[in-house]
Amino acid sequence: MSAALHNDSFLRACLRQPTPHTPVWLMRQAGRYLPEYNATRARAGNSFMALATSPQYATEVTLQPLERYPLDAAILFSDILTVPDAMGLGLSFGQGEGPRFARPVRDEAAVAALQVPDLDRLRYVFDAVAAIRKALAGKVPLIGFSGSPWTLASYMVEGAGSDDYRRIKTMLYARPDLLHRILAVNAAAVTAYLNAQIQAGAQAVMVFDSWGGVLADGAFQRFSLDYTRQVVAGLQREHEGARVPVIVFTKGGGPWLDEIAACGADVVGLDWTVNLGAARARVGHRVALQGNLDPAVLFAPPDVVAREARAVLDSFGPPQRADGAHGGWDGHVFNLGHGISQHTPPEQVAALVQAVHAHSRSQRNPR
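First, a word on scope: everything that follows refers to the structure included in this document. (Residues numbered from 1 in each chain as written. Predicted model: local features only at pLDDT ≥ 70, side-chain atom pairs only at ≥ 80, totals over all residues. Heavy atoms only, no water.)

Enumeration according to the criterion identifies twelve salt bridges in this entry. Measuring nitrogen to oxygen at the nearest pair gives 2.9 Å for the salt bridge that ties Glu 108 to Arg 175. Taken together, the positions of Glu 108 in helix H6 (residues 108-113) and Arg 175 in the loop between helix H9 (166-174) and helix H10 (176-200) put the pair 67 residues apart, joining distant regions of the chain. On the basis of relative accessibility, which here comes to 49%, the residue Glu 108 falls in the partly exposed class. On the accessibility criterion, Arg 175 (30% relative accessible area) is partly exposed. Measuring nitrogen to oxygen at the nearest pair gives 3.2 Å for the salt bridge that ties Asp 120 to Arg 123. Each of Glu 108, Arg 175 and Asp 177 takes part in one network of salt bridges that share partners. (Salt bridge = Lys/Arg side-chain N within 4 Å of Asp/Glu carboxyl O. Helix = DSSP H or I, 4+ residues; strand = E, 2+ residues; numbered from the N terminus. Buried < 20%, exposed > 50% of the residue type's maximum accessible area, 1.4 Å probe, protein only.)

The next thing to look at is the packing of aromatic side chains. What describes a pair of aromatic rings is the distance from one ring centre to the other and the angle between the planes of the rings. A complete count under the given rule lists nine aromatic pairs for this structure. Ring geometry for Phe 145 and Phe 208: centres 5.6 Å apart, planes at 80 degrees, overall edge-to-face. Highlighted residues: Phe 145 in strand S4 (residues 142-147) and Phe 208 in strand S5 (residues 204-209), separated in sequence by 63 residues. In this structure Phe 145 comes out as buried when scored by relative accessible area, which is 7%. With a centroid separation of 4.8 Å and an interplanar angle of 80 degrees, the aromatic rings of Tyr 165 and Trp 211 are classed as edge-to-face. (Phe/Tyr/Trp six-rings, centres within 6.5 Å; stacked < 30°, edge-to-face > 60°.)

Next up on the list: the sheet that holds S5. With parallel pairing, the seven strands of this open sheet are ordered in space as S1-S4-S5-S8-S9-S10-S11. Only two strands of the sheet have a single neighbouring strand rather than two, namely strand S1 (74-75) and strand S11 (332-336). When S5 meets strand S8 (residues 246-250), the two strands line up parallel, connected through five bridges. Across the sheet, the residue bridging to Val 205 is Val 246, located in S8. Against the sheet, H10 touches S4 and S5, its axis set at about 165 degrees to S4. (Pairing = 2+ DSSP bridges. Contact = heavy atoms within 4.5 Å. Axes fitted to C-alpha atoms, helices over the stretch in contact; angles between N-to-C directions.)

Let's shift gears to the state of the cysteines. In this structure the tally under the stated criterion is zero disulfides. A disulfide-free cysteine, Cys 14 has its sulfur positioned 14 Å from the sulfur of Cys 263, the nearest such atom. (Disulfide = S-S within 2.5 Å.)

Here you go:
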């Protein structure tokens, strides 16, 4: 039996239940801005994949930010591209470079050969989830994650990051049949992958649609959201007698907020281009919201960081009980609008977390 949670504010906010403060965690909270992470990475031969594929190292770096800051959730240390790597595409990270695939998927033969990977090839991820849950000992919940079918397909076709998305968009318009085949395989794989993380102990899961915002209206719905919806519909929503919240985050997804909110997820993540108060008014009590401080704020002095954090909380406003038969609250999980920069001074994160907790408590208990 797993240890009881000492701090369940993150899960409660995801499920639109009352919380004593607004919970906060940060995308990429375990990473290069922390000197202890860099020290661990050096011990692993300065290799990202050596860290990510070792349950021992993955546990160590997942816990590092929680030892520094009173964050309200841990997120598995891994990468969104583990699934296509398990499909045999040959993932690598060059020194100072982003991810790259040795065998991108660009022609009919490669698309036809694509299949849902054997989950045993991802055993290291599930072992890491189990090890992290044990090490957390109920301190805070653990979030598992995956890239969305569209975002994975983008990397798989481009072979790496892209400035113009030329290859994937060419396939989208010229050979949509090929792209739909890739997306169908990806959706099945992501669903199985996230369910295995839940079985291993992840208490919430997040789908990162990092490249969804590069699509045209209409294309976003057909090639991204429809497949994210398939994933969400196939996820296990209860484990160990507890509800498992699902978060969907589309960077640049503000124009489609209402449609994303209807995809079946419990929480919709927002980037910093979206007004949080206006988003709250649009989604009402259908979903909780996550976000959405500009990560660049963390380069400013601590008093500015605190001021901007309070502004995000004020934009959302104090939590309110929903009207209607379902009851509940409108929940908010504080986060950045994208991943934390590797150049962020660690002390600014301390100022951020302190400001979020203090100001959100004052919102709930005004003098």
